[in-house]
Amino acid sequence: MFTPHSLGAAFINGTWESFPDLPRLSVDNPFNSSVLGAVPNCDSKITERAIEVSANAFRSWQATTVLERSTLLKRAASLLREHEAALASLLTLEQGKPISQAKGEIQYGASYFEWFAEETRRTYGDVIPSPSPGRRIMVLKEPIGVCAAITPWNFPHAMIARKAAAALAAGCTIIVKPASETPFSALAIAKVCELAGLPPGVINIVTGDPEPIAKALMASSTVRKLTFTGSTGVGKLLMRQSADTLKRLTLELGGNAPFIVFADADLDLAAKDFLHAKYRNAGQTCICANRVLLHSAIADQFIDKIASLSEQLKVGDGSLSGTDIGPLISSDAKEKVWGLLNDAISKGARIRSGKLENSSDLLMKPVIIDKVTKEMRLWEEEIFGPVAACAEFQSDEEAIKLANDSQHGLAAYLFTRDLSLAHRAAERLEYGMVGINSSSISLAEAPFGGVKQSGFGREGSRYGIEEYLSIKYVSINLN
Ligand code: SIN
């Protein structure tokens, strides 16, 4: 049921449509480049049809009770958990991440379905005290309408779960355009929603090249909201394209996370957390540690620790248990990482662990460099690979200044035993999320999102459902 072969069709209006007359997009395993299968390369006409069926489905879906929606979403959450093994294998095949992390991602996705199944029952409005007699002021929360989600390849399951579950819980319908590299995990979510009993047209998956699909979604005045996770460049383009129809937007864009280790930090704890912050998904997450900022008193000792831990990591086929780092997603992605690394070396960065040895496949062993400066491209650009870029600071003040020296503001991490420093630093960091003495910050209960050029809007948490609700004010004259 959850194999590339059984999922090679778009999902529109509750029907699996293989569109035999359309060209097909092939999907590869990034570990060995073998072809896993193919999906239809849907065009703008098909996207317009998906919008139309979403609009029809919205009429009845918005009228369902919160309890009905909650029950269906909870059922989807338990089906995701029940099929964890098959869904995770599929995810690893098309995306490459280690199977243990893929299992974690399925659980993470299920937690969003469960969370929003609960939150739908708490979408309270308000009654506002009136300044004049005989008037009542009521505030109602209503679903926005048809939503579009454009989702990335790095978390092909969880990024859809966190958007779609919130939208559906709010009473919206949704059209998902998954990344071309990883459509099967998206289609697998549709399969789960079908099994859970979600009505036709409530969730639709349109596979294919991004441009015609995104253009049709952006041009449509029926689509009232866009939620996007991806690069800052594409986010800006979509924002421009949505101007004519004034869509509501949630944009979760690029990051440039500082990983700050202060002089008094527990270095063993910080080193262990560094592994998660840097190498999760081979370094391909928006919240990965991009710049490792170390107090000069502990810098050498810390780098020695992370070097010895990094050298023990197993790089290889994500499908094998025991693999810590799978392949990068594509040769373009790998070229970009090597470009950033070589740029840094040419400008004076020093290799502390790993080698400047590129292989012909998409695997990449960890490389740790130090003496990183602002002149290097990776100071601002997302590395998206297993390269740790270390720089030193002399004072707490300088650490904050260096950390904030970025156009981006998604996640930041800091390690210290000083409670007062931890609070002061967290308050001054210009980031949407701050992890203190831990890099495990992602969870359904917490608001995920950034500031500055990392975008706006929040996913997950009680704030996440608000992104799919609009406020209606009702004034009642009782006189
Ligand atoms: C991302 O890379 O955008 C998502 C990471 C997460 O949810 O932990």
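Here, every reference points to the structure presented above.
Presented here is a report on the structure given in the accompanying data block.

Conventions adopted
- Residues numbered from 1 in each chain as written.
- Predicted model: local features only at pLDDT ≥ 70, side-chain atom pairs only at ≥ 80, totals over all residues.
- Heavy atoms only, no water.
- Axes fitted to C-alpha atoms, helices over the stretch in contact; angles between N-to-C directions.
- Helix = DSSP H or I, 4+ residues; strand = E, 2+ residues; numbered from the N terminus.
- Parallel < 35°, antiparallel > 145°, perpendicular 65-115°, else oblique.
- Contact = heavy atoms within 4.5 Å.
- Nonpolar A, V, L, I, M, F, W, Y, C, P; charged D, E, K, R; others polar.
- Buried < 20%, exposed > 50% of the residue type's maximum accessible area, 1.4 Å probe, protein only.
- Arc of directions from axis to C-beta.

Looking now at the packing of helix α3 (residues 84-95) against helix α6 (residues 183-196). The geometry of α3 relative to α6 is characterised by a closest axis approach of 8 Å and an angle of 155° between their N-to-C directions. Regarding the angle of α3 to α6, the classification is roughly antiparallel. Only P183, F184, S185 and A188 of α6 make contact with α3, whose side of the interface consists of L87, L90, L91 and E94. Each residue belonging to the contact of α3 with α6 can be placed in one class, and the counts come to 6 nonpolar, 1 polar and 1 charged.

Secondary-structure assignment places S461 in helix α14 (residues 461-466). With a relative accessible area of 1%, S461 lands in the buried category. Filtering out sequence-adjacent residues up to four positions away, S461 remains in contact with W115, F116, A444, E445, A446 and P447.

A positive phi is found at K371, a non-glycine position, where the angle reads about 60°. Counting through the fold element by element, K371 comes out in the loop between β15 (367-370) and β16 (387-393). The phi torsion at N437 lies on the positive side, around 55°, for a residue other than glycine. With respect to the helices and strands, N437 occurs in the loop between β19 (433-436) and β20 (451-452).

A word on helix α8 (residues 232-241). Regarding α8, the residues found buried are T232, G235 and L238. Considered in projection along α8, the buried side chains sweep an arc of 120° and stay on one side of the axis. Here the buried face of α8 lies against β7 (146-150), α7 (210-219), β10 (223-229), β11 (248-252) and β17 (408-409).

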